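The residues making up each chain are set out below.
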Amino acid sequence: VKNFASYKEETLNYDEIHGLVAVIGANGGGKSSLIVDSITTALFNRARGTSSQGTGLENLITTGEDELEVDFTFMSGNSEVRVIRRRFRKGGQELELFIDGVDHTDKIKETQAKLESIIKIDYETFLDTVCIGQGESGRFMKKAPNERKEVFTKVLNLDNYDVLQD
């Protein structure tokens, strides 16, 4: 991350992390910013306190800087996916997508659609199942039964059976 919240420039290598992880530190120390918000910014153009269109992300730009950047690489199946998202204080953003080192960047809307077809879940489902933020451990259980079913359907790709049944 560069110029992201309180982080001027920081690299976190998840390859060195195996198994269950707990990040511990003082309240307001930036744990959720580094772990949850940076990833959701890269993947969904969203973070805590922003709108579904990403309005408010400019507030995460480090004071005195004009832009933030999140460069996030992960594995999807056997493919390495790299997402680079930049957000500018004066408005606007850039989004780059690389799969196994090949540039798949297009217009932002099309690139975002390609990215979503890879990760196969939306922002809310991601927060329910992948990155559970501070004070959010009960988030999934607070959902209505039909909402919990919807989360399972997305994560387990159960809607394929509905298509087969039809």
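Look a little higher up for the structure.
Residues numbered from 1 in each chain as written. Predicted model: local features only at pLDDT ≥ 70, side-chain atom pairs only at ≥ 80, totals over all residues. Heavy atoms only, no water.

Draft legend 1. Broad picture of helix 4 (residues 145–156). Here helix 4 contains 12 residues, and its C-alpha end-to-end distance of 16 Å stays within 8% of the 16 Å for a straight helix at 1.5 Å per residue. Downstream of helix 4 by a residue or two, Asn157 has a phi angle that is positive, lying close to 55 degrees. (Helix = DSSP H or I, 4+ residues; strand = E, 2+ residues; numbered from the N terminus. Expected span 1.5 Å × (residues − 1).)

Draft legend 2. Structural view of the nonpolar core. Core analysis: the biggest nonpolar cluster contains 28 residues, and Leu43, Phe74, Val83, Leu115 and Phe126 have the highest contact counts within it. Looking at this core element by element, the count peaks at six residues for helix 1 (residues 31–44). In contact with Val83, other than residues within four places in its own chain, are Ala42, Leu43, Val70, Asp71, Phe72, Phe74, Leu95, Glu96, Leu97 and Leu115. (Core = buried A, V, L, I, M, F, W, Y, C linked by side-chain atoms within 4.5 Å. Buried < 20%, exposed > 50% of the residue type's maximum accessible area, 1.4 Å probe, protein only. Contact = heavy atoms within 4.5 Å.)

Draft legend 3. Representation of a negative patch on the surface. The grouping of Asp15, Glu16, Glu80 and Asp100 at the surface amounts to a negative patch. Structurally, Asp15 can be placed in the loop between strand 2 (7–9) and helix 1. (Patch = residues over 30% accessible without salt bridge, like charges linked within 9 Å, V, L, I, M, F, W, Y side chains within 5 Å. Areas by Shrake-Rupley, 256 points an atom, 1.4 Å probe, with all protein chains shown as cover. Salt bridge = Lys/Arg side-chain N within 4 Å of Asp/Glu carboxyl O. Lys, Arg positive; Asp, Glu negative; His and termini not counted. Charge placed at Lys NZ, Arg CZ, Asp CG, Glu CD.)

Draft legend 4. Looking closely at the packing of aromatic side chains. Evaluation of the coordinates by the stated rule reveals three aromatic pairs. Between the aromatic rings of Phe44 and Tyr123, the centroid separation amounts to 6.0 Å while the plane-to-plane angle is 75 degrees, which identifies the pairing as edge-to-face. On the criterion of sequence distance, the pair formed by Phe44 in helix 1 and Tyr123 in helix 3 (residues 123–129) is long-range, its members being 79 residues apart. Accessibility assignment for this pair places Phe44 and Tyr123 in one class, buried. Taken together through their ring pairs, the aromatic side chains of Phe44, Tyr123 and Phe126 make up a single cluster. A cation over an aromatic ring shows up here: Arg82 above the ring of Phe98, its NZ or CZ 5.9 Å from the ring centre. (Phe/Tyr/Trp six-rings, centres within 6.5 Å; stacked < 30°, edge-to-face > 60°. Lys NZ or Arg CZ within 6 Å of the ring centre and 35° of its normal.)

The values reported here are purely geometric and, on their own, carry no functional implication.
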